[in-house]
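Coordinates in review
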Amino acid sequence: MRHLPGWLGAVWVWPTLATLAVTGVGVGGAQPWRDELATWSAATRPLGALARMGNVIDAATWPYYLFMHGWVAAFGDSPTALRLPSVLAMATTAGLTAALGERLLGRPAGLLGGLLFAVLPGTSRYAQEARPYAFVALFAVLATLLLVRVLNRPGWGRRAGYAAAVVALGLAHLVALTLLAAHALAALTSQPTPPGDPRRSRGAGRPRPPLWGWLAAVLPALVVLAPLVLLAVGQRGRQLDWVDPARPADLAALPNALTQSSTVGGLLLGLAALGAARSGRRALFPVACGTLPVLLVFLAGLAGPLWVPRYLFFTVPFACILAGAALAGTNSAAQVPKVRAGAGDGGVALPAALAVVLLAGLLGLPDQAALRHSHEWPRGALIDYRGAARVVDEGRRGGDAIVFSPRDGWLFLDLGLRYHLGDRQPRDVLVVRDRDTRGDYWADECSRPAECLAGVRRVWLVIAGRPADPLDAVPGATGDALRDGFTVERVLPRRGLTVALLTR
């Protein structure tokens, strides 16, 4: 592909285009799931309410919400519109992965690693999700690529670019700053560029150990991020109260969780291990980038709630680079990987290497199809907000009210129906303090539900699960008020929830 004309010969082009093609298929098919509804809820608030929210919950994701606020204002809030930024970010990540692989392990390793990244089900999953994980991967690879450039040819301009990428990485997700452990290791083990070396930038001054140059770039970035870190740490208990402590078995399940396929995850892990073994010392940096963040988050997860596999998706591009080296037949004695049209000396013929990439894509097809049907986690736990909204929309009358149970927790029944119904949703009669005022995702309900329901003739009750008697499943004073004043006229179950029409 080096001999293709113009930009078509650049190593990043085909992985970028392949990722756009794969991740763009069915991008708006699956209805937004709970986490995406949280994004929609935050992005559609007035700026004042969004600022209030950052002080209460989700500070670590707040910069992404601010970006999505502007995006939604410009392009709307359809599933495709919400997910398009992630698609574009993931395609850029694939191109940067290829460019980084070329710098570290050679052009063929970068090309094959970028193409392998494009066909992973996990790439499609997080490209087709209105969450920040595609941007986290983008800035992780970009920061690493800029660090390689800084270590190869030091200069203040390059250090400033790297520092900006680190800030962007932290703004995308603070957990991704664990990647800096690998960057510190690279700076510590790198040799300073001697004076007079043509790789050395003009005006770079006297040579100094690369670690000092790295610290000079990263410390200001961390100072910029410090307020966000302090705010997010204070919210950790509320933000991650649903996360279980990490267990050793979680490490074994991580490839499956990151690639969204046990088969493809195992293939990627095997190829990455083979590529690391063949590449020798040159593989140490991508190995560190792929493993040190996992180790640090796992150890932190043993002590408190932090182990969430999708937080570590940004390590996948580094595994793909190593897998690309395996397919390219890279070894420590060769400076140029042995991918070529024919076979030779332990290298892999290019058609055979591309066939392995195609095989990985074919093995992941069932998972690709599944994620375009539902994004719910755990897989298969679909909550059909769209189906419930259709039931209400088709049967509603003027003066109807709607009640949700449960109102707290992370199911977001009210957000799901509000997203699909918009202004057509019946009056949420029990709400006395909405989420914009509270600064989070929930609402306060009136303490005397019977009084709030006075004058209402019909109530749409939306309840989680499929209870035998919807009224009996509503707890507390709300349940008492509904049971005392209403009877069930119709029960319309949908996947993951039930809609019941109640009448006086």
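For the structure itself, consult the block above.
The structure contained in this document is the topic of the report that follows. Just so it is clear, the model here is predicted, and its values are computed rather than measured.

**So, helix α23 (residues 476-485)**
For the α-helix, the turn length of 3.6 residues means that residues three or four positions removed from each other point alike. Taken together, the buried positions of α23 are Thr478, Gly479, Ala481, Leu482 and Gly485. What you see down the axis of α23 is that its buried residues fit within an arc of 165°, all on one side. Residues of α23 that are buried sit in contact with β1 (401-405), β4 (444-445), α22 (449-452), β5 (458-464) and β7 (497-503).

**Points about the pairing of β1**
Summarising burial for β1: 5 of the 5 residues are buried, a large majority. Here β1 shows a buried face lined by Ala401, Val403 and Ser405 and a second buried face lined by Ile402 and Phe404. Where the polypeptide runs from β1 across helix α20 (residues 413-421) and back to strand β2 (residues 427-428), its parallel neighbour, the crossover connection is right-handed. Pairing analysis gives 5 bridges linking β1 to β5, with the strands arranged parallel. Across the sheet, the residue bridging to Phe404 is Val462, located in β5.

**Remarks on the packing of aromatic side chains**
On inspection of all chains with the given rule, the structure shows 16 aromatic pairs. Seen from their ring centres, Phe412 and Tyr441 are 5.4 Å apart, and the 50° between their planes marks the pair as tilted. Of the two residues, Phe412 sits in the loop between β1 and α20 while Tyr441 sits in the loop between α21 (435-438) and β4, which places them 29 residues apart along the sequence. Judged by its relative accessible area of 1%, Tyr441 falls in the buried class. Consider the rings of Phe412 and Trp442, whose centres lie 6.2 Å apart with planes at 45°: the pair is tilted. With Phe412 in the loop between β1 and α20 and Trp442 in the loop between α21 and β4, the pair connects residues that are 30 residues apart, well separated along the chain.

**Digging into a nonpolar patch on the surface**
On the surface, a cluster of nonpolar side chains totalling about 390 Å² of accessible area is made up of Trp14, Leu17, Leu20, Leu84 and Leu88. Elements with a contribution of two residues or more to the nonpolar patch: α1 (13-24) and α5 (79-105). Ranked by residue count, the leading element in the nonpolar patch is α1, at 3 residues. Look at Trp14 and you get partly exposed, because its relative accessible area is 32%.

Rules behind the numbers
- Residue positions are counted from 1 within each chain, in the order its sequence is given.
- With pLDDT at 70 or above as the cut-off, local features in this predicted model cover only qualifying residues; side-chain atom pairs require 80 or more to be listed or tallied, and sums for whole chains, interfaces and linings still use all residues.
- Here the side-chain values reflect all heavy atoms present in the structure, with hydrogen atoms and water set aside.
- Relative accessibility decides the category of a residue: with a 1.4 Å probe and only protein chains considered, values under 20% of the type maximum give buried, values over 50% give exposed, and everything between is partly exposed.
- Helix and strand assignments come from DSSP, with helices taken as H or I runs of at least 4 residues and strands as E runs of at least 2, each series counted from the N terminus.
- It is the directions from the helix axis to the C-beta atoms that the arc portrays.
- Residue contacts are defined here by distance: any two heavy atoms, one from each residue, within 4.5 Å place the two residues in contact.
- When the strands point away from the viewer and the path from the first strand over the helix to the second turns clockwise, the crossover is right-handed.
- Strand pairing is defined by DSSP finding a minimum of two bridges between the two strands.
- Each aromatic pair joins two rings of Phe, Tyr and Trp (for Trp, the six-membered one) with centres within 6.5 Å, and gets the label stacked for planes under 30 degrees apart, edge-to-face for over 60, and tilted for any other angle.
- The patch calculation keeps residues exceeding 30% relative accessible area without a salt bridge and links them within 9 Å when they carry like charges or within 5 Å when they are nonpolar (Val, Leu, Ile, Met, Phe, Trp, Tyr).
- Surface accessibility follows the Shrake-Rupley procedure with a 1.4 Å probe radius. Residue values consider only the protein chains on display as shielding.
- One speaks of a salt bridge when a side-chain nitrogen belonging to Lys or Arg is within 4 Å of a carboxyl oxygen belonging to Asp or Glu.

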